[in-house]
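# Fold and geometry: a report
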Amino acid sequence: MEFEKYKKDMMFIGLLIIISSVILYFFLKIDIKIGSYYYIHDVYIYLNNSLNYAGLGGSSRNHGLPPVIPFITSIFFSLGYVSDKVILYVSSFYYILTGIGMYGILRLKYKELLSFTGAIILIFMPINLVWATKGMIDIPGLAMSIFALYFMALGLYKNPKYYYIAFPVLVIGFFTRFTVILTLPAMLMLILFTGNPLNYINRHLGKLIKGFLSGGICFGLFMIFYKIYNIPLFFLSQSSSISATSNPGASTAAATSTAAATTNNVVYYLNNLPLYIGTYKWVPYSLKPGRFAFEKMTWLGNSPSFISYIYLLIILIGLIIFIWRLCEKQNLDKILKNKNKYFYLKVILVIVPLIAYFISFTHVSLYLSMGLISISILFLFRIIRKSDLKYLAIDFMFIYWLAVNLTFYSFHIIKTDRYGICFTPMITYFVVFSLYLIYGKLKEFVPSSKNKKDNKFKISPKTLKTIKVLVPLILIISTLSITTFCYMTNSPHTFDNLQPDNMLTVYEDQKEVTDWIIQTDPDYKNKVIYATNWIEIAFNLRMDVNQTFGLSDNLTSTLVQNNASYYISDGKDSNIDPSYYTIVKEKNGIVVYKRV
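What counts and what doesn't
Every chain is numbered on its own, with residues counted from 1 as its sequence reads. Totals for whole chains, interfaces and linings use all residues, but because this is a predicted model, local features are given only for residues with pLDDT of at least 70 and pairs of side-chain atoms are given and counted only at 80 or more. With hydrogens and water excluded, all non-hydrogen atoms of the structure serve as input to the side-chain values. Strand pairing is assigned whenever DSSP identifies at least 2 bridges connecting the two strands. For helices the rule is a DSSP run of H or I covering at least 4 residues; for strands it is a run of E covering at least 2, with both sets numbered from the N terminus onward. For patch detection, residues must exceed 30% relative accessible area and be free of salt bridges, and they are connected within 9 Å for like charges or within 5 Å for nonpolar side chains (Val, Leu, Ile, Met, Phe, Trp, Tyr). Surface accessibility follows the Shrake-Rupley procedure with a 1.4 Å probe radius. Residue values consider only the protein chains on display as shielding. Salt bridge, as used here: a side-chain nitrogen of Lys or Arg that lies within 4 Å of a carboxyl oxygen of Asp or Glu. Counted as positive: Lys and Arg. Counted as negative: Asp and Glu, with His and the chain ends omitted from the count. All charge positions are set by atom: Lys at NZ, Arg at CZ, Asp at CG, Glu at CD. Here, axes are lines fitted to C-alpha atoms. For helices the fit covers the stretch in contact, and angles between N-to-C directions go from 0 to 180 degrees. Angular relationships are summarised with four words: roughly parallel below 35 degrees, roughly antiparallel beyond 145, roughly perpendicular across 65 to 115, and oblique for the angles in between. If you view the pair so one helix is near and one far, a crossing is left-handed when the near helix is turned anticlockwise from the far one by less than a right angle, and right-handed when it is turned clockwise. It only takes one pair of heavy atoms within 4.5 Å for two residues to be counted as in contact. Pairing of aromatic rings covers Phe, Tyr and the six-membered ring of Trp, with a centre-to-centre limit of 6.5 Å; geometry is then stacked below 30 degrees between planes, edge-to-face above 60, and tilted otherwise. Each residue gets one of three labels from its accessible area relative to the maximum for its type: buried under 20%, exposed over 50%, partly exposed in between, using a 1.4 Å probe on protein chains only. Put simply, a nonpolar core is a bunch of buried Ala, Val, Leu, Ile, Met, Phe, Trp, Tyr and Cys residues held in one set by side-chain atoms that sit within 4.5 Å of each other.

What follows deals with the pairing of strand β6 (residues 581-587). In this sheet, strand β7 (residues 590-595) lies alongside β6 in antiparallel orientation, the contact comprising 6 bridges. Note on β7: the bridge partner recorded for I583 is Y593. In this structure, the hairpin formed by β6 and β7 is closed by a connection of 2 residues, where N588 is found at a positive phi of approximately 50°.

What follows is the structure in C-alpha cells.
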C-alpha cells in the first residue's frame, strides 16, 4: 500500500536523479579535464583546509571558512585520493539533493507533476548550472537551506517530531555555508504563520524545545571539531562586520575575491534576476574543439532568454490572480468578519514598518531593516490569513525567505552574481504557485453543479486536465531544449577576471613546476616560498606559501628580506632583480625563480 501511495513520487524523484546526474556527467567531464578552476581561488582554500583536516599539510590561512565540504573532501584525501578533482565530485552531489529537496517541499502543497516541474526549473536555472560542478559551497548551502525548510514544514503539517531533524540540518548547513543562517528566520516565522501561533507553540512546546536542543547539540559537536582542529571562529567576526551599516568593508559571510564587485547599487540583484532565471550566454565552456579562448565577460553583458520572460510573465499573472482572489467578496468578507479593535493596528503595523524599511534601507543597521520587513510581512499574513487560500503559511514562508535574503545581499557592499543562487528556490516557488493559481482560475470556467456561473467562455474538465499536464511538459521541454542549445553552441566565456593564455593546461603546468621543486629540493618544506597564485601552489606543495599581491616595485627587496628561496610567477616578472633570483624552471608561462 505504501508503495502504491508513493509510486508517482518515487518515479519523479528517480527521474530527477537521472536528469541531474546526466547534467553532472557532462559538466564534470569538462571540469575534471581542466581541474579546479584557476580563477576560483576559494576552491583551493577549501582544498588546503581539506589537506589540514587530513593531516597532510596545506596552507593554514583562511582556516576559518565553513568546514563541512572541506572535511568531507579530507576523508577521501585520508584514503589516498589527494586531488583537486575530489572536491568537484563532493560539491556536485549536493546539486542532486537540491532538486530532490525542492520537489519535497513543493509536494506539501502541489501535485507530483507540478512539483517535478518546479524542481526542473530550479536545477536548470543558469546561475545554478554554472556553479553545479565548480567545487564551491553555494550549491551545497542551497541544498541544506531547502532541506532545513522542508523538515520544518513537515514538522508543521505532518509531525512535530520533524523539528528534531530540521534544526540539526540547519546547523550543518550553516557550517556548509555561513549564510545558510538566513534560513532560520523563515523557519521560525513559519510557526508564526499559523492560525493561532501561541496555541500551537503551547501544544508543541516540548517538541520545539527538543528540536532546538538537537540543533544545539549539533552546534556543540561542531565547536568540539573547531577546538580539535584549532579553527578560528570566522563567522563571529563576519557577523559583527555586516551588522552596522551597508559599508562593512570587504568582509562578508560568503565574500570572495573572485568575480566580486564593490558597489552601493541596492537593486543590483533585482536588475540581474532575469539573467539568473534564463540567459543564452551562461555556460563557461563549450563542446567546440580547440583552445579555450576565455574572455573578460560578466553576466551584465548578456540578456535574458525567452524562458526567463515566460517565467516572469507567469509570476506576474499569478500575482494579479492572487490579488484578485483576495479582493473577491467571499475573501473580503472573511477578512473583515474578523475585524476587531486590533484590525487597524495590524494595518498600521504593515504599512508603517514597510515605509520605514524602504526609507531607511542601508542607512540603518541590517538587523533593524530585517526587523522592519519581518513585522510588516507577519502582520500582512495576520490580516489575510482567513482568506480562501490553502497552505498560505508556505506561500508566506517563501515570500519572507526572499525578503530576508534580498535584504541581506542588497544591503551588503560586496556584490557578485554567484550570490544570486540563493534567490532561485523562491523564484521557482512563485512560478509553481502562479501556475497553481492559473489552474484554479481556469477551473472556474468548468461547468459543474457547484459552479453555476454563466460564463461565456467555458472549458471541459478533460480540457483542464490536459492543460495541467501540457503546460508543465511544455515548460520542462523548453527548459531542457534551451539548456542543451546553450551548452552546445555557446562561445566559451567566464566571469570578470583576466585569464592566462594557458587556461586549459594551467593546472598541469603548475603541478609540473611544483613537482620539479619537490624532486630537486628534498628540504623544500623548510624553505620560504612566494607565489603569484600562492593558494594553488600551497595545495600542490602541501605547505604555507606567501603571496606577492601588492608588492610589485619592491618585490625583490621583500623576497630578500624574508629569505625567500623560491618565487613562482605567472610569466617572467620584470620586477625581479636577476642578481638575486634566477629562472630555474619554466613551463608554459609558469616561471620558477630561485635565490642565487
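Another aspect to go through is a positive patch on the surface. Together, K8, K111, K443, K465 and K468 give the surface a local cluster of positive charge. Note on placement: K465 falls in helix α21 (residues 461-489).

Let us look at the packing of helix α9 (residues 163-174) against helix α12 (residues 205-228). Here α9 crosses α12 at 30°, and the two axes come no closer than 7 Å. What the angle tells us is that α9 and α12 run roughly parallel. Judged by the twist between their axes, the crossing of α9 over α12 is right-handed. Facing Y163, Y164, F167, P168, V171, I172 and F174 of α9, the residues of α12 in contact are K207, L208, K210, G211, F212, S214, G215, C218, F219 and F222.

This part takes up the packing of aromatic side chains. Following the criterion strictly, the structure yields 46 aromatic pairs and no others. Judged by centre distance (5.9 Å) and plane angle (85°), the rings of F361 and F411 are edge-to-face. In this pair, F361 sits in the loop between α17 (343-360) and α18 (366-384) while F411 sits in helix α19 (residues 392-411), placing the two residues 50 residues apart along the sequence. Exposure class is identical for F361 and F411. Each is buried.

So, about the nonpolar core. Of all hydrophobic cores here, the largest spans 169 residues; its most connected members are I105, F175, F193, F398, Y429 and V545. Every residue in contact with F398, bar those within four places of it in the chain, is listed here: M102, I105, P425, M426, Y429 and F430. Residues L551, L555, L559 and A564 belong to the second largest nonpolar core, which totals 10 residues.

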